[in-house]
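Residues per chain are reported as follows:
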Amino acid sequence: MHPSSSEALRIRPGQPGDEAALLQICLLTGDGGGDATPLFEDPDLIGLWYAAPYLHLPSTLAFVAEDEAGVAGYIVGAIDSRLYHQAFVREWAPRIARRFPDPPDDRPSRTQDDDYRRRFHHPEFDDPPWFESHPSHLHIDLLPRLQGRGIGRRLMDTFLDALTSAGSGGVHLGVGASNHRARRFYRRYGFTELEPVDETTSGSVSLGLCLPRPSTSPARHAPLS
Ligand SMILES: CC(C)(COP(=O)(O)OP(=O)(O)OC[C@H]1O[C@@H](n2cnc3c(N)ncnc32)[C@H](O)[C@@H]1OP(=O)(O)O)[C@@H](O)C(=O)NCCC(=O)NCCS
């Protein structure tokens, strides 16, 4: 039986031992908020990119939500995205890429697995204009049993308090344009679009939130105007 209220739920810092749970949650929420299992032959690839490295690399923060059945949600991110990306390219990607060969770029029937494997062999990250104002980034995913109970907000509060204490001035994230539930959640939280959105494409939307300075008002995350 799963608990029916968030009282039975614990939020704590993530640890390397949570990696298997994070890989599974990332897969089960990786298709626009829904289950990405049918998209992958190797179920770990998506989480090895988007979730697990935050348990291991410098300049990261990770918190998990755990109920009686185990870890069922996380929020992970980097305080300084540039430092994080450097460590990802230097340390993490080579460590993971050793597990599989580099798929040829011109293979006629490229799969999602091929795309991720190539990304680990040739990691590249954009340096968008909002890095100066929003240097941090995050990913949040809850299994369905934790969704719609206010737990996303609790995780976000915990994460943003830690980011604020670390001195970050702002945080950004990417969300699938068709993931309307997540977009609503971020909007309610105060995130705003960092660039114009083309609602006719199935791409990603970039959102940002400015953070208060710790000495002025540590508990609030309303966007600064
Ligand atoms: C997107 C996501 C993080 C949002 O977290 P969430 O906690 O489920 O947030 P939701 O907005 O869906 O649910 C909050 C709702 O729970 C309900 N709720 C029930 N009890 C609550 C409580 N104690 N406190 C607050 N809300 C509560 C409310 O109806 C609230 O809606 P409201 O803010 O309009 O009143 C989560 O649904 C998720 O992980 N989805 C799948 C993965 C995903 O899409 N991740 C984002 C990828 S970019």
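Per chain, the residues get numbers from 1 upward, laid out in the order the sequence is written. For a predicted model such as this one, the threshold for reporting local features is a pLDDT of at least 70, and the threshold for listing and counting side-chain atom pairs is 80 or more; totals across whole chains, interfaces and linings nevertheless cover every residue.

Novice: Can you tell me about the site of the ligand, naming the residues and giving the values?
Specialist: Residues in close proximity to the ligand total 19 residues, the closest being Gly 33, Leu 142, Gln 147, Gly 150 and Gly 152. Put simply, DSSP H or I for four residues or longer makes a helix, DSSP E for two residues or longer makes a strand, and each gets a number counted from the N terminus. At the level of elements, strand E4 (136-142), helix H5 (151-165) and helix H6 (180-189) are the ones that each hand at least two residues to the shell around the ligand. Here the shell around the ligand takes 4 residues from H6, the largest share from any one element. For the shell around the ligand, the residue count by class is 6 nonpolar, 8 polar and 5 charged. For each residue, a C-beta position is placed from the backbone atoms; the residue is near a molecule or strand when that point lies within 6 Å of it. Gly is placed with the polar residues, together with every amino acid not listed as nonpolar (Ala, Val, Leu, Ile, Met, Phe, Trp, Tyr, Cys and Pro) or charged (Asp, Glu, Lys and Arg).

Novice: Tell me about H5, and please be specific about residues and values.
Specialist: Between its first and last C-alpha atoms H5 spans 21 Å; for 15 residues at 1.5 Å apiece the expected length is 21 Å, and the two agree. All of the buried residues along H5 are Ile 151, Gly 152, Leu 155, Met 156, Phe 159, Leu 160, Leu 163 and Thr 164. The contact criterion used here is simple: two residues whose C-beta atoms, placed from the backbone, lie within 7 Å are in contact. At its buried positions, H5 is contacted by strand E1 (10-13), strand E2 (60-67), strand E3 (70-78), E4, strand E5 (170-176) and H6. For a helix, the expected span equals 1.5 Å multiplied by the number of residues minus one. The exposure scheme places C-beta atoms from the backbone and then counts, for each residue, the other C-beta atoms within 10 Å of its own, assigning buried at 20 or more, exposed at 12 or fewer, and partly exposed in between.

Novice: Got a sec to walk through unusual backbone geometry? Specific residues and values, please.
Specialist: One non-glycine residue, Ser 59, lies in positive phi territory at about 65°. Structurally, the position occupied by Ser 59 is in the loop between helix H2 (45-50) and E2.

Novice: Tell me what's going on with the nonpolar core, and back it up with residues and numbers.
Specialist: Tyr 74, Ile 75, Leu 155 and Phe 159 are the most contacted members of the largest nonpolar core, which has 51 residues in total. Not counting chain neighbours up to four residues away, the residues in contact with Tyr 74 comprise Gly 14, Leu 22, Ile 25, Ala 51, Ala 62, Phe 63, Val 64 and Asp 141. Definition of nonpolar core: a set of buried Ala, Val, Leu, Ile, Met, Phe, Trp, Tyr and Cys residues joined via C-beta atoms within 7 Å.

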